[in-house]
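Take a look at the letters that make up each chain.
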Amino acid sequence: MNSNFLLLSKSERLINYYNKLLINFPNKEYVLKNNIETTSYKLIENIFSYNINTTDRIKQKYLKDLLINLSMLDFYSKVSFNKKIISKRQFEVVVRAIIEIRKITYGVIKSEQTKES
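We now turn to the structure provided with this report. Here the structure is a predicted model, which is why all the values come from computation and not from measurement.

## So, unusual backbone geometry
Then, number 1: Of note, Lys 84 is a non-glycine position whose phi angle comes to about 60°, a positive value.
Then, number 2: As for its placement among the helices and strands, Lys 84 is situated in the loop between α3 (56-82) and α4 (88-116).

Structure representation (structure tokens):
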């Protein structure tokens, strides 16, 4: 299966799951909720930007931005769990999905680097 398609589909599933969780966020945590939404949409934007560009340096930049967004989602998940907004089970599901997407992204980065050589 194409790794780009796999990356996109796994990211969409993560975002859909997170959107279901965001409904239950308290109103006082609107900053956290907005940051999660913004970061999750940037995730998809970086994947599309990676697919569209042809220059290797720019493609690498978007993959690195994707990794940054994943790290931020991981951080927001930890904050949500520590504030008891999401349960341990929900936290584990999100983190597992983030780790899976991260592994795929590092695989894509590695394959891009071997193409250059």
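## Looking at the side chain of Asn 69
Then, number 1: The residue Asn 69 is located in helix α3 in this model.
Then, number 2: In this structure Asn 69 comes out as buried when scored by relative accessible area, which is 9%.
Then, number 3: Residues contacting Asn 69, with those up to four places away along its chain left out, are Thr 39, Lys 42, Leu 43 and Asn 46.

## As for the environment of Leu 70
Then, number 1: Among the structural elements, Leu 70 can be located in helix α3.
Then, number 2: Judged by its relative accessible area of 0%, Leu 70 is buried.
Then, number 3: Along the backbone, Leu 70 and Ser 11 are 59 residues apart, and their C-alpha atoms lie at a distance of 9.7 Å.

Cut-offs used in this document
Residues numbered from 1 in each chain as written. Predicted model: local features only at pLDDT ≥ 70, side-chain atom pairs only at ≥ 80, totals over all residues. Heavy atoms only, no water. Helix = DSSP H or I, 4+ residues; strand = E, 2+ residues; numbered from the N terminus. Buried < 20%, exposed > 50% of the residue type's maximum accessible area, 1.4 Å probe, protein only. Contact = heavy atoms within 4.5 Å.

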